[in-house]
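Observations on chain architecture
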Amino acid sequence: MGRTRENKATVIAELKELLSEAQLGIVIDYQGLSVAEITDLRNRLRPSGAICKVTKNTFMEKAVTGDEAWEPMTDFLKGTSAFVLVKDDVGSAVRAYQSFKKDTKKTEFRGGVMQGQALNEEQVKAIADLPSKEELIGQVAGAINSIATKLAVGVNEVPSSLGRGINDIPNSFGRVMAAMAAKEEGNG
């Protein structure tokens, strides 16, 4: 028994909802994977907030048609397709897929889409190598903290330097007086 028109519309609406929440979509050929292996991939992706969705290419094509952010995905819709949709941690999700691909040697990367751009495997790997949002926030916070620390040390150094300079005046005055006295003794 085939799907009803209402059922198909529900599947397409669900795909549109998943795409609206995703930052990156990766299309892979899952031919040859067992149910257990697909479950393993899904389990590896789950901690990063990504999902692996297996659906017909025609359903995905209908879901992305007219959406500028996802329309480039239509170039990758052929054969047996699974879709890795990444919501949050792009780097972690891509590394999880790469690890799965290396372990099983059964999937083929077809392409990725991010912000309306079609991406090849090297571009997706480069995105994965970027620091995560948490790491970037930590780096920015560290930089801001170091600026504040340097500013505080610099501001604190002004009165200290001024104090040392003021304390040195009597000694300098004494040296000047001694030099003038020595000069007068030499002249007299």
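Residues numbered from 1 in each chain as written. Predicted model: local features only at pLDDT ≥ 70, side-chain atom pairs only at ≥ 80, totals over all residues. Heavy atoms only, no water.

With respect to the environment of Asp 67
Definition in use: Only DSSP runs of H or I covering at least 4 residues are called helices, and only runs of E covering at least 2 are called strands; the numbering of each starts at the N terminus.
With respect to the helices and strands, Asp 67 occurs in the loop between helix 3 (57–64) and strand 3 (81–86). It is 28 Å that separates the C-alpha atoms of Asp 67 and Ile 38, two residues lying 29 residues apart in sequence.

Let's talk about the domain arrangement of the protein
A common way to express how large an interface is: the accessible area buried when the components associate. To keep things clear, this is the line we draw: In this document the domain limits rely on a domain assignment from an automatic tool or a database.
Per the domain assignment, the segments of the protein are domain 1 (5–130) and domain 2 (131–187). Centre-to-centre, using C-alpha coordinates, domain 1 lies 58 Å away from domain 2.

Considerations on the pattern of salt bridges
Two side chains with opposite charge may pair up if their charged atoms get near one another. We count it as follows: Salt bridge, as used here, is a side-chain nitrogen of Lys or Arg placed within 4 Å of a carboxyl oxygen of Asp or Glu. For each residue, the accessible area found with a 1.4 Å probe, counting protein chains only, is set against the maximum for its type, and the residue is called buried under 20%, exposed over 50%, and partly exposed in between.
Summed over all chains, the structure comprises eight salt bridges. Across the salt bridge formed by Glu 37 and Lys 106, the nearest N and O atoms sit 3.0 Å from each other. Of this pair, Glu 37 sits in helix 2 (residues 35–45) while Lys 106 sits in the loop between helix 4 (90–104) and strand 4 (108–114), and the two are 69 residues apart along the sequence. Overall, Glu 37 belongs to the buried group, its relative accessible area being 19%. A relative accessible area of 37% places Lys 106 in the partly exposed class. Salt-bridge contacts for Asp 40 lead to Arg 44; the nearest nitrogen and oxygen are separated by 3.3 Å. Linking Asp 40 with Arg 44, this pair stays in helix 2, spanning four residues, or about one helical turn. On the basis of relative accessible area, Asp 40 is assigned to the partly exposed category, the value being 29%. Residue classification places Arg 44 among the partly exposed residues on the basis of a relative accessible area of 25%. The structure contains a network of salt bridges with shared partners spanning Asp 40, Arg 44 and Asp 103.

Digging into the nonpolar core
Note the cut-off: Buried Ala, Val, Leu, Ile, Met, Phe, Trp, Tyr and Cys residues form a nonpolar core when they are joined through side-chain atoms within 4.5 Å. Contacts are assigned to residue pairs with any non-hydrogen atoms lying within 4.5 Å of each other.
In terms of nonpolar packing, the biggest core is built from 24 residues, with Leu 24, Ile 26 and Leu 45 touching the most fellow members. Counting residues per element, the ones that place at least two in this core are strand 1 (24–29), helix 2, strand 2 (50–54), strand 3, helix 4, strand 4 and helix 5 (121–129). For this core, the leading source of residues is helix 4, giving six residues. Apart from the residues within four sequence positions on either side, Leu 24 is in contact with Trp 70, Val 84, Leu 85, Val 86, Val 90, Val 94, Val 113, Met 114, Leu 119 and Val 124. Ranked by size, the runner-up nonpolar core spans 18 residues in total, among them Ile 12, Leu 15, Phe 76 and Val 113.

Quick look at the sheet that holds strand 4
Condition: Two strands make a pair as long as DSSP finds a minimum of two bridges between them. For helices, the fitted axis covers only the stretch in contact; all axes are lines through C-alpha atoms, and the angles between them, taken along N-to-C directions, range from 0 to 180 degrees.
If you trace the five strands from one edge of the open sheet to the other, you get 2-3-1-4-5, paired in antiparallel fashion. Looking at which strands have only one partner, the edges of the open sheet turn out to be strand 2 and strand 5 (117–119). Pairwise comparison of adjacent strand axes, ignoring direction, gives a mean angle of 20° for this sheet. In this sheet, strand 4 lies alongside strand 1 in antiparallel orientation, the contact comprising six bridges. What sits directly across from Leu 24, in strand 4, is Met 114. Sitting on the sheet, helix 5 touches strand 1, strand 4 and strand 5, and the angle it makes with strand 5 is about 95°.

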